[in-house]
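Given next are the chains, with one letter for each unit.
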Amino acid sequence: MQTSQESQSSDEVHMMYKEPAPDISPYWPSKKVPCTVTIPDNSHVENMAIQVYNEPFFTLESYPATKGFVICNSPSVISHSSSRSTLSPQGSHSCITDPHVSSEITNGSPVSASSGVVDDDYELRNKLRELEISLQEQGNPTDSNFCTFDGGMVDEVGAAMRGNSMMVVISRMDIKQLLVLCAQTAFDDDILATSTLMEVLGQKVSVSGTPIERLAAYMLEGLRARLEYSGFTIYKKLRCDQPTEKEELLSYMHMISAVCPFYDFGYNSSNITIQEAMENEGRIHIIDFQISMGSQWIPLIESLARRPGGPPYIRITGVDDENSAYVRGGGLQLIGDKLVQVAKSCGIPLQFHTAAMSGSQVKREHLRLWPGEAVAVNFPYLLHHMPDESVNTINHRDRLIRLVKSLNPRVVTLMEQETNTNTASFMHRFIETLDYYNAMFESVDVAIPRDNKKRINAEMNCLARDVVNVIACEGAERIERHELLGKWKARFMMAGFKPWPLSSRATNAVKTAISKYHENYRVRESDGALYLCWKQRNLASSSAWR
């Protein structure tokens, strides 16, 4: 593992990297206002200086129009004269107007200048106790992947606080404890406690530090974005598949996927399952709801070309939105032309049809079904982007599953991240995100040096993008809405599907593919599905349905 250089200041968290940027002044200029903190038992009084922030700072919401970076002069989220980001909608978490948005959108209101002041450690100790109770109530013992933190962490902090001042206790907390407490005070609209905790965190995080330091940098940014209503703006501006320069062949996602086997895991299990389901079929129609670059289907085409008795006739319908078209430099027909050429070289007749739209827009007529075809449907890390009943009454998530069921498919393959961030309350979601993405950052850390600027870009545009969206956004603006496989099972079975247990052949193929990556990656089989794990943490699941 690459040893970290001297940790960079958190100043760098608030810049957009296009290429190495020069040093800049601190992003949180401040002035100190004297404040007296009185301990409840009147044993002593300490003079402290509370930081009040009223100067511009640099945030991820600024996207460079020039080479290098551009500084965004949005006002501080902690300023008493708080104003909204110039890029954010006016006073709303959601700029996507939807009359059916649930009351969930009102959660996590921004910091108010009229909030009460935390003037002693008695108040903070109460908050820690409230946080403990909240976390214990939110934890679901049936969710094995709920993060490793629980009320015991808050117990430890609370015990350490008894008889000590707030700043002394804060100085003893680790980054994870500080993040959780900062999230709670921000959620409670406690300006000065949040300000103090953000200042302390700002001295501990670094985009080129340890995995937890890097993740904390982006989670801290997510909290700021939540307070400033700028999370959705950041999410839209960061583009995971955008190359850093035109001449570069590898995108940010390619860099991440080279060390994180999410796609190898999902594509291998899906392809073998589809091939097994179509073993004796002469006409196959594959509907891919997120075809991206189409690379998943090249190995399957080559394998079907060697099928005993001759290859089948293949049709592929590719669904994808304009974001992928941006990456490809053109429409879906570019992918179709590539796949047709691959099939031609293998001696297989293949037709490609396009459905250039989001999955939430797809209707039956877009899929061009023909009589006599055996249909296979592929959902590769897509369904968690579909809004469900908690967002609007249309519920595209279940609508799309029911639509696929009406096609009478031979098999449906599903790949999803194994984390719970959909309908969970804010604090549950925050802690789950901390646990899940800490594993992700660890897996990148063992493969790419910490001071690698391309790695910083890749993490910012791929991983941090999702982290900020989960933490900062609510309602229709929160796009990243993951669910555990147990919930996907309930949705598919409610639509009339039955599980299709993955075969030993699929399991062995996936294990072989994963063996090329770091040894901490492993594959676990349970109830006919496969899980991709980093150490003991489930990261993704692969399942099939009929």
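Let us look at the structure shown here. (Residues numbered from 1 in each chain as written. Predicted model: local features only at pLDDT ≥ 70, side-chain atom pairs only at ≥ 80, totals over all residues. Heavy atoms only, no water.)

From N to C terminus, the protein includes 17 helices and 10 strands. Taking all 546 residues of the protein together, 57% fall into the buried category. Counting every atom, the protein has about 21900 Å² of accessible surface; 50% of that belongs to carbon and sulfur. (Helix = DSSP H or I, 4+ residues; strand = E, 2+ residues; numbered from the N terminus. Buried < 20%, exposed > 50% of the residue type's maximum accessible area, 1.4 Å probe, protein only. Areas by Shrake-Rupley, 256 points an atom, 1.4 Å probe, with all protein chains shown as cover.)

Moving on, we get to the pattern of salt bridges. Under the defined criterion, the tally for this structure stands at 18 salt bridges. Asp 435 serves as the salt-bridge partner of Arg 537, at 3.2 Å between the closest nitrogen and oxygen. Linking Arg 537 in strand β10 (residues 537-545) with Asp 435 in helix α14 (residues 426-445), this pair joins segments that are 102 residues apart in sequence. What makes Asp 435 buried here is its relative accessible area of 13%. (Salt bridge = Lys/Arg side-chain N within 4 Å of Asp/Glu carboxyl O.)

Next up on the list: the packing of helix α6 (residues 211-228) against α14. Put simply, α6 and α14 touch, their axes get as near as 9 Å, and they point 145 degrees apart. Here the hand of the crossing between α6 and α14 comes out right-handed. The residues of α14 that touch α6, namely those facing Pro 211, Ile 212, Arg 214, Leu 215, Tyr 218, Met 219, Leu 223 and Arg 226, are Phe 426, Arg 429, Phe 430, Thr 433, Leu 434, Tyr 437, Asn 438, Phe 441, Glu 442, Val 444 and Asp 445. (Axes fitted to C-alpha atoms, helices over the stretch in contact; angles between N-to-C directions. Left-handed = near helix turned anticlockwise from the far one by under 90°. Contact = heavy atoms within 4.5 Å.)

With that settled, consider the environment of Thr 433. Tracing the sequence through the fold places Thr 433 in helix α14. Judged by relative accessible area, which is 1%, Thr 433 ranks as buried. In this structure, the C-alpha to C-alpha distance between Thr 433 and Thr 421, residues 12 residues apart in sequence, is 7.5 Å. The residues contacting Thr 433, other than those within four sequence positions of it, are Met 219, Thr 421, Asn 438, Val 467 and Val 470.

The terminal C-alpha atoms of helix α12 (residues 333-346) lie 20 Å apart, and with 14 residues this matches the ideal 20 Å at 1.5 Å per residue to within 8%. Restricting attention to buried positions, one finds in α12 the residues Ile 335, Gly 336, Leu 339, Val 342 and Ala 343. Buried residues of α12, seen end-on, are gathered within an arc of 130 degrees and therefore sit on one face of the element. Turned more than 90 degrees from where α12 packs its buried face, Gln 341, Lys 344 and Ser 345 sit exposed. (Expected span 1.5 Å × (residues − 1). Arc of directions from axis to C-beta.)

Looking now at unusual backbone geometry. In this structure, Asn 408 takes a positive phi of about 55 degrees despite not being glycine. On the secondary structure map, Asn 408 appears in the loop between α13 (396-406) and β7 (411-417). Unusually for a residue other than glycine, Lys 535 sits at a positive phi of about 55 degrees. When you line up the elements, Lys 535 lands in the loop between β9 (529-534) and β10. Judged by relative accessible area, Lys 535 falls into the partly exposed class, the value being 40%.

Turning next to the side chain of Thr 185. With respect to the helices and strands, Thr 185 occurs in helix α4 (residues 175-187). Judged by relative accessible area, Thr 185 falls into the buried class, the value being 0%. Polar contacts involving the side chain of Thr 185 include one to the main-chain carbonyl oxygen of Cys 182, which spans 3.0 Å. (Polar contact = N/O pair within 3.5 Å; in protein donor to acceptor, adjacent residues only side chain to side chain.)

This paragraph deals with the packing of aromatic side chains. Inspection of the entire model under this criterion finds 12 aromatic pairs. With centroids separated by 5.5 Å and ring planes inclined at 10 degrees, the aromatic side chains of Phe 187 and Phe 426 adopt a geometry described as stacked. Taken together, the positions of Phe 187 in helix α4 and Phe 426 in helix α14 put the pair 239 residues apart, joining distant regions of the chain. Assessed through its relative accessible area of 30%, Phe 187 is described here as partly exposed. Ring geometry for Tyr 218 against Phe 441: centres 6.2 Å apart, planes inclined by 35 degrees, an arrangement best described as tilted. Taken together, the positions of Tyr 218 in helix α6 and Phe 441 in helix α14 put the pair 223 residues apart, joining distant regions of the chain. For the pair Tyr 218 and Phe 441, a shared accessibility class is recorded, and that class is buried. Of the aromatic side chains, those joined through ring pairs into one cluster are Phe 262, Tyr 263, Tyr 267 and Tyr 381. The ring of Phe 497 carries Lys 405 above its face, with NZ or CZ at 5.2 Å from the centroid. (Phe/Tyr/Trp six-rings, centres within 6.5 Å; stacked < 30°, edge-to-face > 60°. Lys NZ or Arg CZ within 6 Å of the ring centre and 35° of its normal.)

In this structure, Thr 317 sits in strand β4 (residues 313-320). Under the relative-accessibility criterion, Thr 317 is labelled buried at 1%. Engagement of the side chain of Thr 317 in a polar contact is seen with the side chain of His 285, the distance being 2.7 Å. Apart from the residues lying within four places of it in its own chain, the contact partners of Thr 317 are His 285, Ile 286, Ile 287, Asp 288, His 353, Ala 355, His 366 and Leu 367.

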